[in-house]
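Summary of the model geometry
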Amino acid sequence: MTAERDKTTVSGPSVLAPPEFAAGIPAVVEVLRQINAKPGLARGIGALLKMNQANGFDCPGCAWPEDTEHRKLAEFCENGAKAFADEATRKIIAEEFFAEHSIADLAAQSDQWLNDQGRLAQPMVLRPGATHYMPVTWYSAFELIAQQLKGLASPNQAAFYTSGRTSNEAAFLWQLFARSFGTNNMPDCSNMCHESSGIALGQAIGTGKGTVRLSDFDHADAIFVLGQNPGSNHPRMLATLERAKQRGAVIVSINPLDEVGLKNYRNPQSVKGLLKGAELVDLHVPVRINGDVAFLKGLCKVLLEKEAAAPGLVLDQNFIATHTQGYAEFAEDISATAWDEIVTGCGVSEALIREAAAIAIKADNTICCWAMGMTQHKNAVANIQEIVNFLMLKGNLGRQGAGACPIRGHSNVQGDRTMGVWEKPEAAFLEKLGAHFNFEPPQAHGFDTVDTINAMAAERVKVFIALGGNFLAATPDTAYTSAALNKCDLTVQISTKLNRSHIVTGTSALILPVLGRTEVDMQAGTNQFVTVENSMGVVTQSRGHLQPASELLKSEVRLVAEMADATIGARTAIKWREFADDYYLIRDQIAAVIPGFEDFNDRLHDESSIELPNSVRDELRFNNAGGKALFTVHPIERIEIPDGCYLMMTIRSHDQFNTTIYSQNDRYRGIADSRLVVFMHPEDIKKAGLRQGSRVAITSHYADTTRTMQGFSVVPYQIPLGCVATYYPETNPLIPVQHVADGSNTPAYKSVVVSLQSD
Ligand SMILES: Nc1nc2c(c(=O)[nH]1)N[C@H]1C(S)=C(S)[C@@H](COP(=O)(O)OP(=O)(O)OC[C@H]3O[C@@H](n4cnc5c(=O)[nH]c(N)nc54)[C@H](O)[C@@H]3O)O[C@H]1N2
Ligand SMILES: Nc1nc2c(c(=O)[nH]1)N[C@H]1C(S)=C(S)[C@@H](COP(=O)(O)OP(=O)(O)OC[C@H]3O[C@@H](n4cnc5c(=O)[nH]c(N)nc54)[C@H](O)[C@@H]3O)O[C@H]1N2
Ligand SMILES: [Mo]
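Analysis parameters
- Residues numbered from 1 in each chain as written.
- Chains lettered and ligands numbered in written order.
- Predicted model: local features only at pLDDT ≥ 70, side-chain atom pairs only at ≥ 80, totals over all residues.
- Heavy atoms only, no water.
- Near = heavy atom within 4 Å.
- Polar contact = N/O pair within 3.5 Å; in protein donor to acceptor, adjacent residues only side chain to side chain.
- Areas by Shrake-Rupley, 256 points an atom, 1.4 Å probe, with all protein chains shown as cover.
- Nonpolar A, V, L, I, M, F, W, Y, C, P; charged D, E, K, R; others polar.
- Phe/Tyr/Trp six-rings, centres within 6.5 Å; stacked < 30°, edge-to-face > 60°.
- Helix = DSSP H or I, 4+ residues; strand = E, 2+ residues; numbered from the N terminus.
- Buried < 20%, exposed > 50% of the residue type's maximum accessible area, 1.4 Å probe, protein only.
- Lys NZ or Arg CZ within 6 Å of the ring centre and 35° of its normal.
- Pairing = 2+ DSSP bridges.
- Contact = heavy atoms within 4.5 Å.
- Axes fitted to C-alpha atoms, helices over the stretch in contact; angles between N-to-C directions.
- Salt bridge = Lys/Arg side-chain N within 4 Å of Asp/Glu carboxyl O.

Side note on the site of ligand 2
Near ligand 2 there are 30 residues, and of these Tyr-161, Ser-163, Glu-556, Thr-659 and Asn-732 occur at the shortest range. Taking Thr-650, its side chain carries an N or O atom lying 2.9 Å from a nitrogen atom of ligand 2. In this structure, Lys-750 approaches ligand 2 through a side-chain N or O atom, which is 3.0 Å from an oxygen atom. With the chains in place, 97% of the 930 Å² that ligand 2 exposes on its own is no longer accessible. Looking at the shell around ligand 2 residue by residue, the classes come out as twelve nonpolar, 13 polar and five charged.

So, in structure tokens, the structure goes:
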């Protein structure tokens, strides 16, 4: 594929030719290596075989659904195994660790080093002015939180962050705690992730969720994968794509990079698959970064042209007339959009767009999948609404084998939202919650992630509590966000592993360690399970099997319940501690408050998983304004890129889970030993007077501000001209906090204007 590369580099990364295939034997070797190194084979293998099984635990990695119909003995992927191994590690951070390492020491260490120290094992406190964390009892930790929260002038001076690994049960109690305390300040990782999808779909089709079941992949004729790298981030999806492909489905990838996972996949779950690869993608469309609106408009233009030439044979006129609104304006705009504008906008030839359109025209049923390549741009909402436009033209909603399929990131990010973790809750939800628990929930919308950073900077939020995640490393504009966190009176991190957010703190700070998904959760003598919702709206049980890393860990559910009890126990009638003793009771509350969960416990008992209703998928019912699916019109916005500048996307390697870095390698892109690289087109490298391995600083430009980071190595890569790629989270200091998506406020992590300077 590539761009020629020397095999030798003077310093920095080793740059190799990317592999010819994804997964296969190297994936199996990597799984064994990770298990051996972290939990050990004896502890690890047995537990790993429980992952994604009916009586086991849900993979702590991504949100791709389990294939219950085709379930294998080993129902996991290489990267799920890495996430598992990382949590199940035998290494523990003992009390002496914090005595030995001051905050300043820890600050000098890399993210990978921090994570490698092992599991957090006991609650720790950082007192005002202290240089070291000290052990603290759970009782005193909750007292400190209660005292700080109760001392605030308004509940809106607190913010409650959630990362997407939290179970439904913990998330439900968490939002109940925040709201009965008095605020909707519930920023979450979704704000940085699929928020744009939720907003776009909500307006266009009246549900923020996707409309596809896993089984739809067995009936699709065409699958468009937009801005997603499943080989690294949703590897189990490759097996689904392989099955669809073997059945005759055609797969198109729209991506500035020709990601190897989609090119040639060797299914590690079968011997045949291990040895012989399958080419998954039939057509790769190398759009320039943020060229998707233009490309999708191009696709629609071809469809409309072909329909004009053969009326009734291309579009689903019946669907358009019966189920949609806004078609006339949409069609008019598409006809008025010139090919020149489309081609310059997406950087792809008209011929290639026509080739992709021919696939869509031929297909009776089309699924569009997408992830962060679509959602993290200034016009991300437009990106996703253009996908909906494209799907609607051929009636690809609400029928088997077709639909809109946002592929979620964290394993329960979708469930956390369903449970009410959202800073903009709907009035009907608040009303039901308040009526059921007999309190008045706050009505005013709260702060999302970017708002929270700004509110902390303005000293309007003084207490920040995070249920999981790594807020500082995941958010944009690291220097600004650090300063904002420093202004808090108290920052609390409820975590499994040590990370950057434990080191950049408020005046006081707490680290509260919790059980992970993989561990046995005993409460009041009973082995509890929790539930999670996957990307396709199926809720399943998750029960851990490993002995907990430390006796001092609390489950997230118990921790939230006890924190709530200490803070507001005296003034609400909610029986927090009873919930902590018996998660069935929490599920009964969920059943009473959240639509779709009626008889939750019984159905889980009888069927082991439940599928949530979806009005679009099930009934072609659209709960948006106007009650019909909405065609939308969006201009092709070209981001101004001054001479000598590039458009930068920040992406994941094959060896990380978000801010958790497993190694400095990215096997699928041929990179070893460094993450401080800039992927660049060979011609751009030459034009800039650089070479492979040249050391550069990167400066981002936003309005009249700049941000600079040193120490990157240039790597030639097959990426569109004018575009560069770097790794998340290393380059987050370059991302301006103001640079967000219209309508969803998601940081535009994937379209940052940068220039390079020789170091
Ligand atoms: N192993 C592993 N699994 C994960 C994660 C992880 O870090 N590691 N993270 C989880 C989470 S929270 C999430 S949200 C998902 C993320 O999963 P992905 O969205 O697949 O992850 P990214 O690496 O951010 O980037 C996605 C792709 O978008 C492409 N892209 C970038 N800009 C554009 C654009 O403008 N247009 C188009 N068409 N494509 C573009 C990039 O080339 C890249 O291939 O994965 C989840 N699963
Ligand atoms: N530049 C750039 N920035 C991005 C992105 C990007 O593509 N580019 N992607 C964004 C996206 S899509 C997302 S989702 C966010 C991710 O943002 P977050 O969800 O905040 O970050 P993670 O790295 O997933 O969080 C890792 C930490 O979670 C804790 N943890 C792990 N498991 C558990 C558990 O079971 N319980 C508890 N309580 N804690 C646990 C561990 O301590 C670990 O260090 O980052 C966003 N930031
Ligand atoms: Mo995400």
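Observations concerning the packing of aromatic side chains
To describe a pair of aromatic rings, you give the distance between the ring centres and the angle between the ring planes. Considering all chains together, one arrives at 23 aromatic pairs under this definition. Between Phe-160 and Phe-177 the ring centres are 5.3 Å apart and the planes differ by 75°, which places this aromatic pair in the edge-to-face class. Here Phe-160, found in strand β7 (residues 158–162), pairs with Phe-177, found in helix α8 (residues 168–181); they are 17 residues apart in sequence, far enough to count as distant. When sorted by exposure, Phe-160 lands in the same class as Phe-177, which is buried. Sitting above the plane of the Tyr-584 ring, Arg-587 keeps its charged end 4.7 Å from the centroid. The cationic tip of Arg-675 hangs over the ring face of Tyr-727; the distance from NZ or CZ to the ring centre is 4.9 Å.

With respect to the sheet that holds strand β16 (residues 463–467)
The strand order β6-β5-β18-β17-β16-β7 describes an open sheet built from six strands, whose pairing is mixed. The open sheet has two edge strands with one neighbour each: β6 (134–135) and β7. Of the strand pairs in this sheet, strand β5 (residues 124–126) and strand β18 (residues 508–513) are connected by three bridges, and their pairing is antiparallel. Bridge pairing links Val-125 to Leu-510 in β18. In the packing of helix α7 (residues 138–150) onto the sheet, contacts are made with β5, β7, β16, β17 (490–495) and β18, and the angle to β18 comes to roughly 135°. Against the sheet, α8 touches β7, β16 and β17, its axis set at about 170° to β7.

Concerning the pattern of salt bridges
Under the defined criterion, the tally for this structure stands at 41 salt bridges. Note that Arg-558 and Glu-562 form a salt bridge whose closest N and O atoms lie 3.1 Å from each other. One end of the pair is Arg-558 and the other is Glu-562, both in helix α26 (residues 556–568) and four residues apart, which spans about a single turn. Of the two residues, Arg-558 and Glu-562, neither departs from the other in class, the shared state being buried. Linking Arg-621 and Glu-619 is a salt bridge whose minimum nitrogen-to-oxygen distance equals 2.8 Å. Among the charged side chains, a network of salt bridges with common partners joins Lys-554, Arg-558, Glu-562, Asp-565, Arg-577 and Asp-581.

Structural notes on the environment of Tyr-327
With respect to the helices, strands and loops of the structure, Tyr-327 is situated in helix α16 (residues 327–336). Given a relative accessible area of 22%, Tyr-327 falls into the partly exposed group. Along the chain, Tyr-327 and Asn-191 lie 136 residues apart, while their C-alpha atoms are 30 Å from each other. When neighbours within four sequence positions are excluded, Tyr-327 is seen to be in contact with Leu-304, Leu-315, Ile-320, Leu-393 and Phe-631.

Here's the deal with the site of ligand 1
Around ligand 1 sit 31 residues, and of these Asn-255, Glu-259, Asn-290, Asp-292 and Asn-658 come closest. A distance of 3.0 Å separates a nitrogen atom of ligand 1 from a polar atom in the backbone of Ile-254. Separating a nitrogen atom of ligand 1 from a backbone N or O atom of Gln-656 is a distance of 2.7 Å. Relative to its unbound accessible area of 920 Å², ligand 1 is 99% covered by the protein chains. Secondary structure elements with two or more residues in the shell around ligand 1: α10 (230–233), α19 (372–375), β25 (645–651) and β26 (656–657). Residue composition of the shell around ligand 1, grouped by class: twelve nonpolar, 15 polar and four charged.

A closer look at the pairing of β7
Most of β7 sits inside the fold, with five of its five residues counted as buried. Examined bridge by bridge, β7 and β16 share five bridges and lie parallel to one another. By the bridge assignment for β16, Tyr-161 is matched with Ala-466.

With respect to the sheet that holds strand β21 (residues 530–533)
The three strands lie next to each other as β21-β22-β23, forming an open sheet whose pairing is antiparallel. At either end of the open sheet lies a strand with only one pairing partner, and these are β21 and β23 (609–611). Neighbour to neighbour, the strand axes of the sheet diverge by 25° on average, direction disregarded. Here β21 runs beside strand β22 (residues 538–542); their pairing, made up of four bridges, is antiparallel. Residue pairing for β22: Val-530 is matched across the bridge by Ser-542. Packed on one face of the sheet, α8 meets β21 and β22 and runs near 90° to β21.

Examining unusual backbone geometry
With the exception of glycine, most residues fall at negative phi, and the peptide bonds are largely trans. The omega torsion across Tyr-728 and Pro-729 is 0°, close enough to zero to call that bond cis. Mapped onto the fold, Pro-729 is located in the loop between β32 (723–727) and β33 (752–758). Located in the positive-phi region is Ala-23, a residue other than glycine, with phi close to 60°. Within the fold, Ala-23 resides in strand β2 (residues 22–23). Of note in the backbone geometry, Asn-438 takes a positive phi value of approximately 60° without being a glycine.

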